[in-house]
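The chain contents come next:
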Amino acid sequence: MNSIYLESLESVRSAIAETGLPVRIDELEDASSRVLEYMVSEGYEEQECSERFSELWEIWLSTGEASKEFKSIVFHLFKACPRVEFLGEHLFSLHDDLVGKDYLTHEQAMALIGSAERIVTLALHEKMCAYMITEHIGIEGLTFHSVQRMLRCIGLCPEFTKDDAVKVMKDDRAEVLRTFKDDDDDQALETLGNQLGKLDCPDSIVSTIKYLDRDVDHEPYMFMIHFELLPLEKYDRYPGKGVYEFSPRGEACNYLWHDEYRNPTQNPYLNNAKGFAALDMTWAENRKGKQGAKNGPVRLVELFAELGKLPYPSRRHAGCLIRRWLCRRLDRIQENKPEKLPLPAEKSRIRFLKQVSKSNTASLGAIDQRVCDFLAVLDQPEELRKKARGLGSSVNETNLSAAKIGDVEFVDYGNHSIVGYEAHGGQLRDEYIDLHLNTLARILSEKRLELREEADPAVWDITVKYVAHDISPLVKYATPTVVRVSDYDVTVLAITYSGLMDSLGGIEGLAEYEELFDSLVHEKVNYGAVPEPISKRYYELISLSNSSIF
C-alpha cells in the first residue's frame, strides 16, 4: 500500500470515529477500508474521501436529510459490522422515527443508536425485555418504546403472544402434580416456600401470596401476579415494571382472564393499573380506598420487589413455581369433583395390596405412602396407634418441618422407644438413607430437650424402618445397622412392602382390616381428597389395570 492510501485510510478512520456510530475498535479498520474503496469506486480521490464523508455527515445533521450518496456510503460502512449491520439500511429512518415519533432529541437518538450492539446483545443473548434493556443502557429520558423500535428493525423485539401464553400455561399445568403431589392447600404453600427457599428467596414471598389469596381475596390481584410472571419464561424482566410492554389489554392477557380464569367480564388489569407504567408504591398509594382493602396493593408491590432482587435464572424459576401454584389454585377453584369411589370389597383390597407389594405405584409416592401408613399402624401395638404422628401427611411434607423421624412416627414414652416408617417407592439405595440420616440428626437435636426430660439418650431405643419395593441395591444398610445420630443410637432397618406385609400375616389377612384400610388408604386417595390423577391411579390399581397416567 502506498503512503497516500494509508494516510487517506487513517483520515477516514478518524472521520468515522468522530460520528459516534457503533463501530467496534476491531472492526474500524475494515469499515474505513470499505468506505474508502467504495468512495474511490464512485470517482473520489483517496485524499478527499474523509473530508467528503465528514461534509455529508454535517449536511445530514443540519438538514435532517441524508442524500442517496451518503446512504450508500453508510451501507458499505456497516458491512464491516455484522452485529449491527442492520444500521446500514435503517440508520437514517430509525433516527427520523426516534426523533419524530418518540420525541427524542438528536443527542438521545444518537446515544441509542450508539448503543446498538449492546442492545442487540442484551436482547439476543441475555433475553432482556425492552424495559430492562432501557434501564440497563441508562440513557436519560429514554423509554422502552424506542428500544422496541430499534429491535423491530431486526426482528428481535420482545413480544409475548397469546400462543406464548397458551404454551406457558400448558407447560406449567403439566408440572403442577409433580410439584405439589397430594398436598392440601396449606401444605401446597409450604411446598412452594421450600422450593423457593432453594433459590434463596425470602419467606415473605409465600406469606405475601397467602395474604393476598386468603385475606385480601381480590381475584384481579392474583390474576395480575399471574400475567406479570408469564413473560418471565421468555424474557429477563422485572415483574411489575414496564407493565405496558407486553400489552395488558392484548390477546395474551385476555386469554388468561377469559380462558384460564374463566371470567367473561372485561380483563381487569387496566382497571387496576390504569394510568401507571409500573406497579410500584406510587400505584399502591393510589389504590388505597378502592379495591385495595387490607393493604393488598402494597403487598403486591413488595412481592414484585422481592422477585426483582433475584438474578434472572432464579427469578425465572421462582416465577415458574409461583405460576404452578396459581394453576393449582385455579384447578381447586374450578374443579368438578367426580363421585367418590365406594370402599372396595375384600377381594379388591387383596388385589390392590398385591399390586402395591410388587412395584412402585406410579402415583408420585402418594399411594405408596398411604399403604405404608396402613402397614405401620398394624405393625405397632394397638395402644400406640392413636399416638401416631404423620398419618395422612403429604408426600411433600418434610420430616424436619414436622419434627418426626419418618413419614409416620410412634413414640412410646413409657418404654422410651421411637419407631419411624419412611416410605420409598421403587428401589432404595444407601445414598437415600444417608441423606435421611443427615436430616434425622437435625430432628433429634430439636427433640433433645423433650427426650432428655424422659430419659438419658443412651436409654432411648430408636428405629427407622425404610419401606420400599426393592432393597437389593443396598450395601451399607443391607442388614439392620446401628448408627450414631446426635447422641442417639438409631437402628436402620430396610424392608420391602411385600416383606412387611408377610410379617404382618400376609395380604389376605391385612385385607380384613376394613375400617383401617378405609380411614388410612381409601379415604385419603379417593376422589376429592387428592388430585384427580392420583385417585384415578388408585382406581386402576384396585381394578387390576396396569396402565399409568404418570
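For the structure itself, look to the data block above.
Keep in mind that this is a model prediction, so the values were computed, not measured.

> Which parts of the structure should I look at to understand helix H1 (residues 3-19)?
Residue pairs three or four apart in sequence face the same way in an α-helix, which turns once every 3.6 residues. Between its first and last C-alpha atoms H1 spans 25 Å; for 17 residues at 1.5 Å apiece the expected length is 24 Å, and the two agree. Residues Tyr5, Ser8, Leu9, Val12, Arg13, Ala15, Ile16 and Thr19 constitute the buried set of H1. The buried residues of H1 occupy an angular sector of 165° when the element is viewed end-on, so they sit on one face. Of the residues in H1, the exposed ones pointing more than 90 degrees away from the buried face are Glu7 and Glu18.

> Honestly, the packing of aromatic side chains in this entry has me stumped. Any pointers?
Note on aromatic pairs: each is described by the distance of the centres and the angle between the planes. A complete count under the given rule lists 16 aromatic pairs for this structure. Where Trp60 meets Phe92, the ring centres are 5.1 Å apart and the plane angle is 80°; that geometry is what we call edge-to-face. Residue Trp60 is located in helix H3 (residues 49-63), and its partner Phe92 is located in helix H5 (residues 87-100); the two are separated by 32 residues in the primary sequence. Ring centres of Phe410 and Tyr421 lie 5.9 Å apart, and the angle between their planes is 85°; on these two criteria the pair is classed as edge-to-face. With Phe410 in strand E1 (residues 408-412) and Tyr421 in strand E2 (residues 417-427), this pair connects stretches of sequence that are eleven residues apart.

> Looking at this model, I keep getting lost on the environment of Met169. Mind explaining?
Within the secondary structure, Met169 sits in helix H10 (residues 162-180). Separated by 158 residues in the primary sequence, Met169 and Cys327 place their C-alpha atoms 8.0 Å from one another. Met169 has contacts with His226, Leu230, Tyr255, Leu256, Glu260 and Cys327, leaving out every residue within four places of it along the chain.

> Before we go on, may I ask you to explain the sheet that holds strand E3 (residues 461-470) in this structure?
Remark on secondary structure: sheet strands pair via backbone hydrogen bonds, oriented parallel or antiparallel. One open sheet accounts for five strands, arranged E1-E2-E3-E5-E4; its pairing is mixed. Both edges of this open sheet fall to E1 and strand E4 (481-485), since each of them pairs with a single strand only. In this sheet, adjacent strand axes meet at a mean angle of 25° when their direction is disregarded. Across the sheet, helix H20 (residues 366-379) touches E1, E2 and E3, and the angle it forms with E2 is around 145°.

> Sorry if this is basic, but what is going on with unusual backbone geometry here?
Where the residue is not glycine, phi is negative for most of them; where a peptide bond is considered, it is trans in most cases. The backbone of Lys181 shows a phi angle near 45°, a positive value even though the residue is not glycine. By the secondary structure assignment, Lys181 is in the loop between H10 and helix H11 (185-197). Phi angles above zero are rare outside glycine, and Arg262 is one such case at about 50°. Its place among the elements puts Arg262 in the loop between helix H14 (251-260) and helix H15 (269-273).

> Which parts of the structure should I look at to understand the packing of H5 against helix H6 (residues 106-114)?
Packed helices, taken two at a time, are described by the angle their axes make and the gap between the axes. It is at 9 Å that the axes of H5 and H6 come closest, and there the two elements cross at 145°. Remark: the crossing between H5 and H6 carries right-handed chirality. Here Leu87, Leu91, Leu94, His95, Leu98 and Val99 of H5 come into contact with H6, specifically with His106, Ala109, Met110, Leu112 and Ile113.

> Help me understand the pairing of E4 in this model?
Along a regular strand, successive side chains alternate from one face of the sheet to the other. Only one face of E4 is buried: it carries Thr481, Val483 and Val485, and the other face, with Val482 and Arg484, is open. Where E4 folds back on strand E5 (residues 488-496), the antiparallel hairpin that results is connected by two residues, among which Ser486 adopts a positive phi of roughly 50°.

> What should I look at first to understand the pattern of salt bridges in this one?
One side chain can pair with another of opposite charge once the charged atoms of both are near each other. For the structure shown, the criterion picks out 41 salt bridges. In this structure, the salt-bridge partner of Lys101 is Asp97, at a minimum N-O distance of 3.8 Å. Exposure remark for Lys101: the relative accessible area of 52% places this residue in the exposed category. You can call Asp97 partly exposed: its relative accessible area is 24%. The residue Glu302 makes a salt bridge to Arg299 at a minimum N-O spacing of 3.5 Å. You can see Glu302 and its partner Arg299 sitting in helix H17 (residues 296-308), three residues apart, about one turn around the helix. Classification of Glu302 by relative accessible area gives partly exposed; the value is 35%. One salt-bridge network, held together by shared partners, links Arg24, Asp26, Glu27, Arg83 and Glu117.

> Explain the pairing of E3 here, please?
The element E3 is largely enclosed, with a buried count of eight among its ten residues. In the sheet, E2 pairs with E3 via nine bridges, with the strands oriented parallel. Bridge pairing in E3 links Ala423 to Val467. Note that the unit made of E2, helix H23 (residues 430-454) and E3 has a crossover that is right-handed. Bridge analysis of E3 against E5 gives seven bridges, and the strand direction is parallel. Within E5, the residue paired with Thr463 across the bridge is Thr491.

> Which parts of the structure should I look at to understand the nonpolar core?
Within soluble globular proteins, side chains that are nonpolar tend to cluster in buried spots. Core analysis: the biggest nonpolar cluster contains 114 residues, and Phe78, Ile225, Trp283 and Ile322 have the highest contact counts within it. Considering every element that reaches this core, the biggest residue donor is helix H18 (residues 312-334), with eight residues. Once residues lying within four places of it in the same chain are set aside, the contact partners of Ile322 are Leu192, Leu196, Ile205, Ile209, Ile225, Leu229 and Leu307. Counting residues in each nonpolar core, the second largest holds 40 residues, with Ile350, Val371, Phe374 and Ile534 among its members.

Rules of the game
Residues numbered from 1 in each chain as written. Predicted model: local features only at pLDDT ≥ 70, side-chain atom pairs only at ≥ 80, totals over all residues. Heavy atoms only, no water. Helix = DSSP H or I, 4+ residues; strand = E, 2+ residues; numbered from the N terminus. Expected span 1.5 Å × (residues − 1). Buried < 20%, exposed > 50% of the residue type's maximum accessible area, 1.4 Å probe, protein only. Arc of directions from axis to C-beta. Phe/Tyr/Trp six-rings, centres within 6.5 Å; stacked < 30°, edge-to-face > 60°. Contact = heavy atoms within 4.5 Å. Pairing = 2+ DSSP bridges. Axes fitted to C-alpha atoms, helices over the stretch in contact; angles between N-to-C directions. Left-handed = near helix turned anticlockwise from the far one by under 90°. Salt bridge = Lys/Arg side-chain N within 4 Å of Asp/Glu carboxyl O. Right-handed = clockwise from strand over helix to strand, strands pointing away. Core = buried A, V, L, I, M, F, W, Y, C linked by side-chain atoms within 4.5 Å.

By themselves, these are just geometric observations and shouldn't be taken as functional.
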